[in-house]
Amino acid sequence: MDKGIFIVVSAPSGTGKSSICQRLLQVCPEIKFSISYTTRVPRPGEVDGKDYFFISREEFQERIERGEFAEWTENYGNLYGTSIKAMKDLLAKGEAVLLDIEPRGAKKIKQQFRRGIFVFVLPPSRAELLKRLEERGHETPAVIRARYAQAESELKEISWYDYVIFNDNLETAAKQLISIYIAQRCKRNHLQAKIKQFMNKK
Ligand code: 5GP
């Protein structure tokens with residue numbers, strides 16, 4: 001599994017991470033989004049097999065027992081997991097893969113695969129984060145409080161990420177993520193095969 005690139009993006013909820021990731025996928029359509037499994041119910045507009053694979057808790061447990069997840073975690077009472085097979089297949093094919101997962105899962109991915117680019121997205125300020133969580137509209141005050149508390153603990157994980165993007169402005173933040181990806185594509189060790197081909201041909 002020495003081909004392919006993967007970018008892992010994490011952010012406290014309410015940071016605008018999904019919009020930034022969407023922009024990256026629009027501009028670089030060759031990137032494959034790693035579709036996680038979850039027991040959470042779909043939100044309006046979410047599509048099974050595109051945003052997530054929405055499955056029951058029972059099915060999730062069975063998949064854990066069969067060792068199908070590279071990592072999984074419980075978040076706000078719902079289970080989320082990354083398929084180890086899907087990841088390995090995409091990377092073996094040399095695909096670029098985007099993962100949108102929270103820091104605990106991201107850390108497990110880093111330990112397991114020993115590669116990848118880890119990007120943490122931050123809101124302009126903590127006050128702004130709370131405001132964005134409140135304005136989301138589809139959450140109850142208790143959920144907002146829980147998400148804010150979780151955000152506080154996730155922020156502590158920033159220390160081991162490679163890159164940080166402050167989402168003051170969606171366009172700028174998206175450009176930064178796109179630039180990180182493009183820079184990765186240009187890394188010498190990612191281009192070994194192409195360089196070899198170039199060197200061998202007059
Ligand atoms: P949401 O329910 O808002 O879509 O996602 C909640 C959180 O779960 C987000 O921080 C998202 O990045 C994270 N998440 C989504 N899929 C996975 C996954 O497969 N593994 C882990 N560890 N976190 C995930």
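Quick caveat: nothing in here was measured; it's all calculated off a predicted structure. (Residues numbered from 1 in each chain as written. Predicted model: local features only at pLDDT ≥ 70, side-chain atom pairs only at ≥ 80, totals over all residues. Heavy atoms only, no water.)

1. Some thoughts on the overall build of the protein
- Each helix and strand counted, the protein has 8 helices and 9 strands in total.
- For 202 residues, the compact-globule estimate of 2.2 N^0.38 gives 17 Å, and the protein sits close to it at 18 Å.
- Over its C-alpha atoms, taken along the principal directions, the protein stretches across nearly 65 × 40 × 30 Å.
- By the burial criterion, 42% of the 202 residues in the protein qualify as buried.
- Taking contacts inside the protein between residues at least 6 apart in sequence as the whole, the part at least 24 apart equals 67%.
- For the protein, the accessible area works out to roughly 11,400 Å², and carbon and sulfur atoms hold 53% of it.
- The average position of the 34 basic charges and that of the 26 acidic charges among the side chains of the protein differ by 9 Å. (Helix = DSSP H or I, 4+ residues; strand = E, 2+ residues; numbered from the N terminus. Rg over C-alpha atoms; globule rule 2.2 N^0.38 Å. Buried < 20%, exposed > 50% of the residue type's maximum accessible area, 1.4 Å probe, protein only. Contact = heavy atoms within 4.5 Å. Areas by Shrake-Rupley, 256 points an atom, 1.4 Å probe, with all protein chains shown as cover. Lys, Arg positive; Asp, Glu negative; His and termini not counted. Charge placed at Lys NZ, Arg CZ, Asp CG, Glu CD.)

2. Points about the sheet that holds strand E7 (residues 96–100)
- Sheet architecture is open: 5 strands sit in the order E2-E7-E1-E8-E9, paired in parallel fashion. What marks the edges here is a single partner per strand, and that holds for strand E2 (32–33) and strand E9 (163–166).
- Pairing geometry for strand E8 (residues 117–122) and E9, over 4 bridges, is parallel. What sits directly across from Phe 120, in E9, is Val 164. (Pairing = 2+ DSSP bridges.)

3. Focus on the pairing of strand E1 (residues 5–10)
- A large share of E1 lies buried, amounting to 6 of its 6 residues.
- Burial along E1 is two-sided: the face carrying Ile 5, Ile 7 and Val 9 and the face carrying Phe 6, Val 8 and Ser 10 are both buried.
- Note that E1 and E7 share 5 bridges and pair parallel. Bridging from a neighbouring strand, Ile 5 pairs with Ala 96 of E7.

4. Some words on the sheet that holds strand E6 (residues 78–83)
- The 4 strands lie next to each other as E4-E3-E6-E5, forming an open sheet whose pairing is mixed. Both outer strands of the open sheet, strand E4 (52–54) and strand E5 (69–75), are each paired with one neighbouring strand and no more. This sheet shows a mean twist of 25 degrees between the axes of neighbouring strands, independent of strand direction.
- Inspection of the sheet shows strand E3 (residues 36–38) paired to E4 by 3 bridges, in the parallel sense. Each bridged residue has a counterpart across the sheet, and for Ser 36 the counterpart in E4 is Tyr 52. (Axes fitted to C-alpha atoms, helices over the stretch in contact; angles between N-to-C directions.)

5. Focus on the nonpolar core
- If you look at the biggest cluster of nonpolar residues, it comprises 21 residues, and the most contacted ones within it are Ile 7, Val 9, Leu 24, Ile 31, Leu 98 and Leu 177.
- Counting only elements with at least two residues in this core, the list comes to E1, helix H1 (17–27), E7, E8 and helix H7 (170–185).
- Broken down by element, this core gets its largest block of residues, 5 residues, from H7.
- Beyond its immediate chain neighbours, meaning those up to four positions away, Ile 7 contacts Leu 24, Val 97, Leu 98, Leu 99, Ile 117, Val 119, Leu 177 and Tyr 181.
- The next biggest cluster of nonpolar side chains, apart from the first, holds 18 residues, and it includes Val 97, Phe 113, Phe 120 and Trp 160. (Core = buried A, V, L, I, M, F, W, Y, C linked by side-chain atoms within 4.5 Å.)

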